[in-house]
Structures are given as C-alpha cells and as structure tokens.
Amino acid sequence: MLAILTGSGPFRHTNVRLYAWFTVLYSARAYYPIFAILFLDLGLSREQFLTLNAIWAATIFLLEVPSGALADTIGRRKLILASAIMMIIEMACLLFAPQNGGWLLFLLVLTNRILSGASEAAASGADQALAFDTLKAAKEHEQWDEVLATVMSFRSIGFFSAMILGAIAYDPSLFAPIVPALADLDRNLTLRFPLALVFIQGLICLVLAIRMQEPEQENDKPTPSLKEAFATTLSAAKWVFTTPLACMVVLGGVLGDSFSRNFATLTSDYYRFIDIPTWLFGFLGAATAVTGFFMPKVYKALGERLTPRSHLLVIMLVAVTGLLLLAPAWPWWGILPGLIVMTTLGWTDFVSSKELNRLADSSKRATILSVKGLALNLGYGTATLAFSLAVASFKNNGLSDEQAFQTTLWWQPAILATLVILFALLSRRVKQRETV
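The notes below deal with the structure included here. (Residues numbered from 1 in each chain as written. Predicted model: local features only at pLDDT ≥ 70, side-chain atom pairs only at ≥ 80, totals over all residues. Heavy atoms only, no water.)

Take the overall build of the protein next. Summing up its helical and strand segments, the protein has 18 helices and zero strands in all. Looking at the protein as a whole, 53% of its 436 residues qualify as buried. For the protein, contacts bridging at least 24 residues in sequence account for 83% of all contacts bridging at least 6. Total accessible area computed for the protein in this model is approximately 19,300 Å², and 67% of it derives from carbon and sulfur atoms. (Helix = DSSP H or I, 4+ residues; strand = E, 2+ residues; numbered from the N terminus. Buried < 20%, exposed > 50% of the residue type's maximum accessible area, 1.4 Å probe, protein only. Contact = heavy atoms within 4.5 Å. Areas by Shrake-Rupley, 256 points an atom, 1.4 Å probe, with all protein chains shown as cover.)

So, about the packing of helix 15 (residues 308-326) against helix 18 (residues 401-426). Following both chains from N to C, one finds helix 15 and helix 18 inclined at 165 degrees, their axes separated by 8 Å at the closest point. It follows that helix 15 is roughly antiparallel to helix 18 by the angle criterion. Along this stretch, helix 15 crosses helix 18, giving a crossing that reads as left-handed. Residues R309, L312, L313, M316, A319, V320, L323, L324 and L326 of helix 15 form the contact with helix 18, whose own contacting residues are L409, W410, Q412, P413, L416, A417, V420, F423 and A424. Along the lines of polarity and charge, the residues of the contact of helix 15 with helix 18 split into 16 nonpolar, one polar and one charged. (Axes fitted to C-alpha atoms, helices over the stretch in contact; angles between N-to-C directions. Parallel < 35°, antiparallel > 145°, perpendicular 65-115°, else oblique. Left-handed = near helix turned anticlockwise from the far one by under 90°. Nonpolar A, V, L, I, M, F, W, Y, C, P; charged D, E, K, R; others polar.)

Contact pair helix 2 (residues 14-27) / helix 8 (residues 144-170): the axes reach a minimum separation of 9 Å and the direction vectors enclose 35 degrees. Of the two elements, helix 2 crosses helix 8, and the hand of that crossing is right-handed. In this structure, helix 2 uses V16, Y19, A20, W21, T23, V24 and S27 to contact helix 8, whose residues at the interface are W144, V147, L148, V151, F154, R155, G158 and F159. By residue class, the composition of the contact of helix 2 with helix 8 is 11 nonpolar, three polar and one charged.

For the rest of this paragraph, the subject is helix 15. With 19 residues, helix 15 ought to run about 27 Å at 1.5 Å a step, and its terminal C-alpha atoms sit 27 Å apart, in line with that. Taken together, the buried positions of helix 15 are P308, R309, H311, L312, L313, I315, M316, A319, V320, G322, L323 and L326. (Expected span 1.5 Å × (residues − 1).)

Scanning the entire structure with this criterion turns up four salt bridges. In this structure, D257 engages R261 in a salt bridge whose closest nitrogen and oxygen atoms are separated by 2.9 Å. One end of the pair is D257 and the other is R261, both in helix 12 (residues 244-265) and four residues apart, which spans about a single turn. Each member of the pair, D257 as well as R261, carries the same accessibility label: buried. Among the salt bridges present, the one from K372 reaches D349, with a minimum N-O distance of 3.2 Å. Here K372 is found in helix 17 (residues 365-396), whereas its partner D349 is found in helix 16 (residues 335-359), with 23 residues between them in sequence. Of the residues examined, K372 reaches a relative accessible area of 7% and is grouped as buried. (Salt bridge = Lys/Arg side-chain N within 4 Å of Asp/Glu carboxyl O.)

Here's what the structure looks like:
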C-alpha cells in the first residue's frame, strides 16, 4: 500500500496510481452495511426495494458489454468519466429523496438504481484496462499481479473505513452515553449521513477521472462506429466462449462468485436471523475488509503454485464449505462462515482478472473483462432469483418465513457442490497455460 501513497514501483505511473484511488473510492461505499435498512427507512416497501434492485441488475446486464466495447473504441477514460458523473447524480437522488415521499420517492430511487447500474457497467473493465495498458506501453505489464494484489489490499482498507464510518453515521446513538445530543437526532437526518459521504467520494472520483490520460497504443486507428463497437463485443464474446481456457476461467468465476455474492446481498438479513444487533453490521463489514487486506498475498502465492483450474476449484470448495456452515444458522457463531464466504468474492475477481488480462489482446481487453462482468452478473441474478423462488416455494408448502429461509440456506451448498463437480469433470482436459 505504501507504493500507492509514495508513487513507487508500478504506481509511479500516474494512470496506475489514479486507478488505485478511483477503484477504492468508487467501490467502498458507506451505506453498504445498512443497504436494505436504508431504503426501507426512506419509506419503500420491501416489494419495491426488491423490484428496484432487479432493475439495477438488469441495467448492468444490458449495459455491461456495450460499455466495454465503447471503452475499447472511444476510450477508457471517457467511460470512467461517465461513471463518476453518474455516481454523483445517483447519490444526489438518494441524498435529497423525501422520506415517505410516495411516487416522488419511488421515481428518485428508480433513477438512482438505473444510474447506479449504468455507472457500474461503465466503470467495469475500463479502469483496469486503462491501468494495464499503461503498464504495457511502458513494457512493465509483468507487474500487473503486483498491482492487483496491492490494490485489493488498499481496497480492503477503504472498505474497512467505509463500513465503520457508515455504521457510526447511520446510528450515532451508539455514542449517546458519551454525547447525549446524538440520541435526539432525527432518523430522516442521520440516514443521509452515509449518503453524504458517498456523494463526496463521487466528487473525488470525478477529479481522479479528469486527471487520467489515455495510454499510447502501438497502432493508432480511427475511432470505430457504434456498429463496429457492437461487432467488437460479439467478437470478444465469441473469443471468450471458444477459447477453452478463457471460457473455463469465466465459468469458474461465475460459480465462485454467484452464490457468495447472493449471500453478500443477504448479510443483514442473515445476521438479524442469527440474533446479531443491527449496530454491529458495519463492524462485521469492516472485519470482512480486514481479511481482504491480508488475503491477496495468499491469492498471489497460490496463483504462482496452482494452475488456473486448480485455483478456481479451491475457491469453489471454500465457498461450498462456508455456505454449508452458514445453513445451521448458529447464533453468533454463524458470523465465522459468513466471513469465509465473503473472502471468495475478492479471490474470484483476482484469479479471473489475472488470467483474462494475461490472455486478452489489448485492443479487446476492456470488452473481454466486460464479458466476464456480464457473465458474473447473470450468474448472480440467477442465484438470487433461485433463492427467492425457493423461499417462496417453501412458504407455499406451509413453512414459516424463518423455516423457508433456513431450508433454502441448506439447499445452496448442495446445488453449488453439484455444479462444482460438473465443472471439474468438464474442465479436466483444458490446457492450463494457453496463450494467444
């Protein structure tokens, strides 16, 4: 992390250093530990909240690959700028949304969800591709693993800080015994505090994006048309799914990410289910960030010793184990498998990004990373939808809400374990050091 702060090693390149700061400030958002509660406290019903998140997922799904193609054709920097601007507007929608504001509230949050999905789609792949191509132009792309590991540790520090600040800002009454006036603050005011923090982060992200520069390309070509951009998308998708190793990496990433990310969405529900006080949610998120600070060194060491297939299988086995230990829903002790499951998210991203960046041609790198993002979001959406349908099905068969929730928790590791076995069988003949 000192390399980022001092601008040494690969981080002496301005683009690489700005990428590190951008990805941390963009992704470490103070409202994450109280995400669901925030929307409900604003006045949305639970059904509205779920519907709006489905719209968010659909927005990313529809825009992920086209945005990557645009990044490869009109420039990564322009897409990063657009993502920062949309981040600012989406946070303003929530920051000034009226509590219990009826249709005005719903429309503002709808705008927030659409812009949030579009912003994430624009940033996905473009920021990494810009940093990687900067190193490649300087003939230092072999240092990309070091950049990834360092940035992941730096991001973990950002998440740690955001989780703590978000929890304290959302519920300052925790410190009422020290400052009695905090107990009297109106909830309509305090729920805006985490939003204000993220709004400021958006402004900083915009400044960072403005300072970025497009790296020099070996062969300068005229900017292709939008039609050509979509042709690039189709070409990249075809490359991913016809290149055995790339296809294996993407599909393995989907299995390593989908069920774990579904749990990440449900963490507050799960912690409440195992009797964890709400004010602790942010601190548990910070604990996850702490593990993320140390784990990239482990990921990097394993990556040097294992083939991509073996590395992905290790991740999947860890995910299956964590999900299996979550199912009994032990009060308090259930926190530990929750932390195990959460580590697989960054781990999967590390392995899949490393392998795809190694395999991909520079002219299509952002598009290929966006294809990966599209596949991961499709997997996540499928896992989330399957979880929701399973809970509803069990409830229709006479189980209570809590019984249906826990029964579905038992089914998750069983389904994932079955898919892991299929993946292991189908990928056993894939050559592991393929180059293009």
